[in-house]
Every structure is written in C-alpha cells, then in structure tokens.
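Now for the letters of each chain:
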Amino acid sequence: MKRYSILMVSIIVFVSSSLVPSPSFATGMDIGPSDEKVLENWMDQFFNQKEIKEMNIPGAAVVVVKDGKVLLKKGYGYANQEKKIPVDPNQTVFRIASVSKVFTAAAVMQLVEQEKIQLNGDVNSYLDEVQIKNPFPQFVTPKHLLTHTTGFHTEVMKPEDIQMDVTKFSPLKDYVKERLPKVTRQPGESYMYDNYASTLQGYLVEKISGMPFEEYMKKNIFEPLHMKNSNFAPTSAMQEHLATGYDEQGNPMQPYTIIPTVNPAGSMNTTAEDMAKYMIMHLNGGTYGNDRILKNETIQEMNQYHSAIHSKFPDTGYGFENISFQSANGQYVIGKGGSLPDFSSAIWFLPKQKLGIFLTYNKQSTTDLREQFFEKFMDHYYPQKEEESKYMRTPKEELKHFEGEYMDLRTRFLVTKITAIGNGELLAEDGVLGIKSKLKQLDPLFFVDEQGRKLAFKANKSHTISYLKYVDISSYAEKSKLSYYKDVSKKSPNADYIRYIQLLELTQNQTGKFQPNKPITRAEMAFMTARTLSQFNVSFPEKSVLFKDVPGHYWAKRELEIAVNLGIMKESTEKSFSPEESVSRQEAAVILINMMKILNPGLKDGNAKLKDKIDPWAEQAVKTVVALELYGPEVTKYRGGVVKYYAKRNMTHQEAAAMIARAFHKSFGN
C-alpha cells in the first residue's frame, strides 16, 4: 500500500516517465477538467502511452466526477486477459483493498453523528472482553484509530492472511481478539499506517450498531447510495463479475479471501460506477439524490487532516491520507490508496474544486500506475509554476539535535542515519547499503533532499527531536535512544553493521558489551536468524523440539526450535544441538542461505571465484554468499574477482553482524 524513499529499501519503486508532447495532452493549459470529450481524449492518450503499455496492466477502470456529475467513467483493457473479457465500468468488480478504509471511516462517523461514539472517548469502553492493554496515561480513542496514531505495535499482513479456500469463513471478532497489539508509544504522539486500527473501527461499528459489519455497511452506506455491486463479504454474484487478478509477473491468480473474511481494512469489492456514486455524495456534502448519508459538517471534518508531523506536511484524516503530496501542485488533496497481491486502487478528492477521481486495476506491480496517473493528471489540469526554494543557513552546532538513527515504526529494519553537516544541511544515509543523500533546510523542522523528496522532523515537549518522516513513507521513523556498545569503536569498519543489528534486537545483549571478536555460537546464530525472520513477519511453527543438551529455561530455546523446524540449522547429533559450539564461516554461509531462501524461494545460486578449500556440503552456499557480497572487510579480494572467504575459520560476532545486516537488504529485494 505504501512507498519508501531512496534511503530505504523498497517493496514498491516509483518510476517517473515523461509524456510525449501533443497539443491536447501535454500542454497543461486547462485549469481543471470540464469537457467530457476532452477529458476522455486525455485519458485515452494516457493509457495509450508506450510507458504505460509497458507496465502490462491487464485492465483498468477510471472515474472522474465534478460538480455533482460524472465527467468520465470508462474501462480499459481486460477483466480477464485470457478470455478477452473487457473491463466494464458498470459491471466489472475490483478488489479495492485499503480504499475500503474510507467506507469504514464513514460508518464510524455516522455513529459519531448519532452520539453513539465519542471521537475522544476511550475505545475500551465500547468493547467487550477485547480490551486494549495500554501502559500510558492517554487512552486509545476512536480518533486515534481513524488517524492511525494509536501507538500500537506493528501489525502487518502475514502470508497466511491470504486464504485460498474461499469457502472458509474467518470471523471479524476472532481476528480482533487474536491479533490485539500492544500499545508501545503514547497514543496520539506518532503516525504509523495500521491495518489493525481500521479493522478495529469495523469491530466498533459491529458492537455499537448491534449488527454484523457487512450488514451495517449494506443498510447504511451501499443501499442509500444505490451501490448495487459493492460489498465487504465475498458473494457468488461478486465472484461472477470479479476481475481476474494478476501478480507482478502477469500470471492470473486464483480466487482468494483475506483474513478476516469480512475485513473493514481491506476486503471491499466494488465497481467504477458504484465509486462514482460515493464520490458524488462526498463532494455534495453528504447527500446523494434524496438521501443524506452524512452531515455536511461531518464531510468537512473528513476533508481535513487531523494528524501532521509538520504544518506543511499532513499525514492523515478520517479514513483519508496524504498519498500524493509530491504531485498535488499546490492543490488541497485528500486520498487513499490500496493494494493486494493482484489489485491496486486509489481515490483522490480535490474538495475545493468539487473534483473526485478513482482509478483501479487488476494487477499489483513494482512500477506504480497510480502515481504516474495522478502526477500527469495534475500537471495537465492543475499546473503550478515551481517556486524557487529559499534555504536556511543554520550552523552545524544548531543542527546536532537532529543527529541519530531513526527506525521506521512499521518496518523496523528501515533505518535512516542523520548527521549534521552545517550551513543548513544534513546527511541522511543507510548505514548498511551506504546510500547517502544531502538534505537542505527549508524551515526549522522541514528539509528537502537532492531528489526533491520532502522530510520533516517532529520535536517532543522537551524540544528534542523524536521522529522524522519522508513524504512517501507510510509511518514515522523513531529516533533511537539506545546507547552504543561500550566495546565497539565507531571507527570500526563493522561499526554500522553492529549498530544495525543492535537496533533490531538481533543479539542477546542490547546494552553493555558486544565482544566483536568473539566466535559466534550455534545458539547465537539461531537467535540471530530467527529474529531476522520475525522482522519479515515470517510465521513460525509451534512444534517443540526436545534437545538433550538444551534445558527448558535456556535463553534461546525457542529460537533453536525455529531454526531446526524451518530447516535453517540441523541438530549436531541425534536430539542434541550443541548450542555453545562455535560456528565456522562456511557453516554460517549455509545457515544464512537457508534463511534467505525462506524469504525468497526464487533466490538463485551464486557462482563466485574462491581462493579457499571448502567442504562440498558448504561450497554452493559460500559461492552464493560471496557472489551477493554478504560479508564485511574480513575477506581478501584478488585480481580477477577472486575472493578468499576463510571458510573454515570461526565466524566472529562482528562478521556475523555484517553478514546479517547486508542480507537484510538482499532478502528484501534490493
């Protein structure tokens, strides 16, 4: 659903492309769409571009509404590519993923209007046996749920949340109870995109209304808006008209559901025609025809941002978020994007212009059509002359308070290191990959990097810096307060790697001494790899393993079981693990590659040139590790690309830190 800057490893990478100039398409002379035929001509040319066609999007539907009427409603390509079934904007059903959150938020706001929910009330007071555990004095409120500022611990979709048995039903209440996260930050303090928060909104609607969530949505949203082809629960009628979804490689995917089956955060299905009705209602102050869905003042509240790291940099409203800050061209825009493995959607509102846009298509791809579409639409219809930036010249000493490592709240292994340069400039870098970018100061807490990406910092009540956020990131990054290991010099060539795994809690001891030159043990290696997998949200088998030499209270017992159950490591002898035995560098290579193949089953074997004597059982793993450069400065490189890996030496703590830190990014697809 969300994107990352150049300093962070990306799942989804945005690629910008220039349009071929033409008198009616690229001049940017229109100020807002008005003529239906001209708009359709623009849209046809957009989808006929070479760059767009090369994305191999099977089918798409787009709707533009303005001043209470539909200017454009059109399908492109195929709902089913193999059967050549074209997209019909009136009939073809798409999964809109997280755009569902807009509708769930509307349901919550209906209950707010009825005074059945207090936006600043305690969420726990509306729940039954499901109770949020919160160590902070500020309780979690419905407003926090709506703005994703709950302080909840990260909760992201797991592989098993995709349910291939479409006949199996997973109840909403069970999911809410089983996945209830801890509150780890002061509620209201920080923004982190959070599917669970939206799911819990739906559960509130269910509890307070006294009817199943999908029934409430049908009766109070879909029926008044005459949205006849919209639902949150999969139905046979929906399956009949559902577009075939395609993965990134263009392969058709089998029908599936997500858990819970009725998911307020992302299971809505709809058509372009139905979305036009919702957008007209929203832009018309809450009315559609003779029916009022929401009060005008509620719509005005939903059109505002209620969370912001910076006054120039809003984050979230009620159901909406700032998804197109870079492309808005000075216009006030609210929106929402959504993605599943085979569908992508986005909705944008320009409330002051009475304009709404919806785009959906049946593929998720690394090159994001939505971003390119909105950027070109805005450049054409709402062009803005770029103003010359005026930078501050703050001296280095006054910039020092920005320095530190910032960990993304939702994806903890995305770490940005900030260093003061001076003269209003900061250096942002990824300590593992070595990617660096210079930031220039636009105002005391607002910067821009060399690629034009905006970054804002947040200060706490004591005026110390606590968070940063890039414009295209789905959450804040929190400044670490963890002290460095006492026995690791910051000048060490492995210092950044060691600090990285310390921040990610991949070692037993997070404070005190690291013992960088001490050989790593099998138990420590199991702990490190299991913790690494947990960062990627890998599910672990519950099967326990009885080791004769591992007592029940052993510090890494669970991690040893995980390593053996997943085939990452083997028992040393029958029913023994030898947890305190040292790990050779060749054995570490085997363990690492086994772990990486869990994260990336398609990982290809490497073919490096080695100046080593390696045991046959480890040779391929060592070649792959060397080919991927998963090592620190301890190897010796010769002419012709030959590397001496020192395969039979014991691997040290600092060498393991380098190997794991670099593997993080390779595993993540960078």
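Please refer to the structure higher up on the page.
Scoring rules and cut-offs
- Residues numbered from 1 in each chain as written.
- Predicted model: local features only at pLDDT ≥ 70, side-chain atom pairs only at ≥ 80, totals over all residues.
- Heavy atoms only, no water.
- Helix = DSSP H or I, 4+ residues; strand = E, 2+ residues; numbered from the N terminus.
- Rg over C-alpha atoms; globule rule 2.2 N^0.38 Å.
- Buried < 20%, exposed > 50% of the residue type's maximum accessible area, 1.4 Å probe, protein only.
- Core = buried A, V, L, I, M, F, W, Y, C linked by side-chain atoms within 4.5 Å.
- Contact = heavy atoms within 4.5 Å.
- Salt bridge = Lys/Arg side-chain N within 4 Å of Asp/Glu carboxyl O.
- Phe/Tyr/Trp six-rings, centres within 6.5 Å; stacked < 30°, edge-to-face > 60°.
- Lys NZ or Arg CZ within 6 Å of the ring centre and 35° of its normal.
- Expected span 1.5 Å × (residues − 1).
- Polar contact = N/O pair within 3.5 Å; in protein donor to acceptor, adjacent residues only side chain to side chain.
- Pairing = 2+ DSSP bridges.
- Axes fitted to C-alpha atoms, helices over the stretch in contact; angles between N-to-C directions.
- Parallel < 35°, antiparallel > 145°, perpendicular 65-115°, else oblique.
- Nonpolar A, V, L, I, M, F, W, Y, C, P; charged D, E, K, R; others polar.

**Observations regarding the overall build of the protein chain**
For step 1, the next point in the chain: Each helix and strand counted, the protein chain has 18 helices and 25 strands in total.
For step 2, the next point in the chain: On C-alpha atoms alone, the protein chain measures out to a radius of gyration of 26 Å, which is about the 26 Å that the 2.2 N^0.38 rule sets for 670 residues.
For step 3, the next point in the chain: Counting only C-alpha atoms and orienting by the principal axes, one finds that the protein chain spans roughly 75 × 55 × 55 Å.
For step 4, the next point in the chain: Put simply, the protein chain has 670 residues, and 57% of those count as buried.

**Topic: the nonpolar core**
For step 1, the next point in the chain: By size, the foremost hydrophobic cluster in this structure holds 75 residues, and its most contacted members are Phe103, Leu200, Met217, Tyr278 and Ile347.
For step 2, the next point in the chain: Excluding residues within four positions of it along the chain, Ile347 makes contact with Val99, Val102, Met275, Tyr278, Met279, Ile323, Ile334, Gly335, Lys336, Ile357 and Phe358.
For step 3, the next point in the chain: Counting residues in hydrophobic clusters, the runner-up holds 66 residues, among them Leu503, Leu504, Met651 and Ala656.

**A few points about unusual backbone geometry**
For step 1, the next point in the chain: Residue Ile259 is joined to Pro260 through a cis peptide bond whose omega torsion reads -5°.
For step 2, the next point in the chain: Positionally, Pro260 belongs in the loop between strand E6 (257-258) and strand E7 (269-270).
For step 3, the next point in the chain: The backbone phi angle of Ala97 is positive, close to 50°, even though this residue is not glycine.
For step 4, the next point in the chain: Checked against the element boundaries, Ala97 lands in the loop between strand E4 (94-95) and helix H3 (100-113).
For step 5, the next point in the chain: With a relative accessible area of 2%, Ala97 lands in the buried category.
For step 6, the next point in the chain: Non-glycine residue Glu115 carries a positive phi angle of around 60°.
For step 7, the next point in the chain: With a relative accessible area of 64%, Glu115 lands in the exposed category.

**A look at the pattern of salt bridges**
For step 1, the next point in the chain: Applying the stated criterion across every chain yields a total of 30 salt bridges.
For step 2, the next point in the chain: Here Glu129 and Lys173 are joined by a salt bridge, their closest N and O atoms 2.9 Å apart. In this pair, Glu129 is assigned in the loop between H3 and helix H4 (142-147) and Lys173 in helix H5 (residues 172-178), connecting sequence segments 44 residues apart.
For step 3, the next point in the chain: Assessed through its relative accessible area of 47%, Glu129 is described here as partly exposed.
For step 4, the next point in the chain: The structure contains a network of salt bridges with shared partners spanning Asp128, Glu129, Lys173, Lys177 and Lys207.

**Points about the packing of aromatic side chains**
For step 1, the next point in the chain: Under the criterion given, the structure shown has 36 aromatic pairs.
For step 2, the next point in the chain: Here the aromatic rings of Trp42 and Phe373 are separated by 6.2 Å at their centres, their planes lie at 70°, and the arrangement is edge-to-face. In this pair, Trp42 is assigned in helix H1 (residues 36-48) and Phe373 in helix H11 (residues 369-381), connecting sequence segments 331 residues apart.
For step 3, the next point in the chain: Relative accessible area serves as the criterion here: at 0%, Trp42 is assigned to the buried category.
For step 4, the next point in the chain: Each member of the aromatic cluster is reached from another via a ring pair, and the members are Trp42, Phe46, Phe47, Tyr76, Trp348, Phe373, Phe374, Phe377 and Tyr381.
For step 5, the next point in the chain: Over the aromatic face of Phe577 sits the side chain of Arg522, whose NZ or CZ is 4.3 Å from the ring centroid.
For step 6, the next point in the chain: It is Lys611 that lies over the ring of Tyr638; its NZ or CZ is 5.3 Å from the centre.

**Quick word on helix H6 (residues 195-209)**
For step 1, the next point in the chain: The terminal C-alpha atoms of H6 lie 21 Å apart, and with 15 residues this matches the ideal 21 Å at 1.5 Å per residue to within 8%.
For step 2, the next point in the chain: Within H6, 11 of the 15 residues are buried, which leaves it mostly tucked inside the rest of the structure.
For step 3, the next point in the chain: Buried residues in H6 make contact with H3, H4, H5 and helix H7 (213-222).
For step 4, the next point in the chain: At the N-terminal boundary of H6, the capping side chain belongs to Asp194, with an oxygen 3.0 Å from the backbone nitrogen of Tyr196.
For step 5, the next point in the chain: Positive phi shows up at Gly210, right after H6, with a value of about 75°.

**Quick look at the environment of Ala276**
For step 1, the next point in the chain: Of note, Ala276 is situated in helix H9 (residues 272-283).
For step 2, the next point in the chain: Once the C-alpha coordinates of Ala276 and Phe457 are considered, the two residues, 181 residues apart in sequence, prove to be 37 Å apart.

**Some remarks on the side chain of Thr271**
For step 1, the next point in the chain: For Thr271, the position within the fold is in the loop between E7 and H9.
For step 2, the next point in the chain: Residue Thr271 is classed as buried on the basis of its relative accessible area, which comes to 1%.
For step 3, the next point in the chain: At 3.1 Å, the side chain of Thr271 and the backbone nitrogen of Asp274 are in polar contact.
For step 4, the next point in the chain: Not counting residues up to four positions away in its chain, the partners in contact with Thr271 are Pro89, Asn90, Gln91, Thr92, Val93 and Asn229.

**A few points about the sheet that holds strand E24 (residues 636-637)**
For step 1, the next point in the chain: The strand order E23-E25-E24 describes an open sheet built from 3 strands, whose pairing is mixed. Each having just a single partner strand, strand E23 (609-610) and E24 make up the two edges of the open sheet.
For step 2, the next point in the chain: When E24 meets strand E25 (residues 642-644), the two strands line up antiparallel, connected through 2 bridges. Within the sheet, the bridge partner assigned to Thr636 lies in E25 and is Lys644.

**A closer look at the sheet that holds strand E1 (residues 59-66)**
For step 1, the next point in the chain: The 6 strands lie next to each other as E3-E2-E1-E14-E13-E12, forming an open sheet whose pairing is antiparallel. Each edge of the open sheet is held by one strand with a lone partner, namely strand E3 (85-86) and strand E12 (334-340).
For step 2, the next point in the chain: Along the sheet, H11 makes contact with E1, E12, strand E13 (343-350) and strand E14 (355-361), crossing E14 at roughly 150°.

**What about the environment of Ser582?**
For step 1, the next point in the chain: The topology assignment puts Ser582 in the loop between helix H15 (557-565) and helix H16 (585-599).
For step 2, the next point in the chain: For Ser582, a relative accessible area of 29% gives the class partly exposed.
For step 3, the next point in the chain: Not counting residues within four places of it along the chain, the set of residues in contact with Ser582 comprises Pro519, Ile520, Thr521, Glu587 and Asn650.

**Side note on the pairing of strand E20 (residues 454-459)**
In the case of a regular strand, side chains alternate between the two sheet surfaces.
For step 1, the next point in the chain: For strand E19 (residues 446-449) and E20, the ladder comprises 3 bridges, and the chain directions are antiparallel. By the bridge assignment for E20, Phe446 is matched with Ala456.
For step 2, the next point in the chain: In this structure, the hairpin formed by E19 and E20 is closed by a connection of 4 residues, where Gly452 is found at a positive phi of approximately 85°.
For step 3, the next point in the chain: Across 5 bridges, E20 lies against strand E21 (residues 465-470) in antiparallel orientation.

**Quick notes on the packing of H3 against H7**
For step 1, the next point in the chain: Where H3 contacts H7, the axes come no closer than 11 Å and their chain directions differ by 80°. Taken together, the axis directions place H3 and H7 in an arrangement best described as roughly perpendicular. Here Phe103, Thr104, Ala106, Ala107, Gln110 and Leu111 of H3 lie close against H7, whose contacting residues are Phe213, Tyr216, Met217, Asn220, Ile221 and Phe222.
For step 2, the next point in the chain: For the contact of H3 with H7, the class distribution of residues is 9 nonpolar, 3 polar and no charged.

**Considering the environment of Arg522**
For step 1, the next point in the chain: As for its position among the elements, Arg522 is in helix H14 (residues 522-535).
For step 2, the next point in the chain: On the basis of relative accessible area, Arg522 is assigned to the buried category, the value being 5%.
For step 3, the next point in the chain: When the C-alpha positions of Arg522 and Val583 are compared, they lie 5.9 Å apart, and in sequence the two are 61 residues distant.
For step 4, the next point in the chain: Setting aside residues up to four positions removed in sequence, Arg522 forms contacts with Leu560, Met569, Lys570, Glu571, Ser572, Phe577, Ser578, Pro579, Glu581, Val583 and Glu587.

**Some details on the pairing of strand E18 (residues 436-443)**
For step 1, the next point in the chain: Here strand E17 (residues 425-429) runs beside E18; their pairing, made up of 5 bridges, is antiparallel. Bridging across to E18, Ala428 finds its partner in Ser437.
For step 2, the next point in the chain: Bridging between E18 and E19 involves 4 bridges; their strand directions are antiparallel. Residue pairing across strands places Lys440 opposite Val448, the latter belonging to E19.

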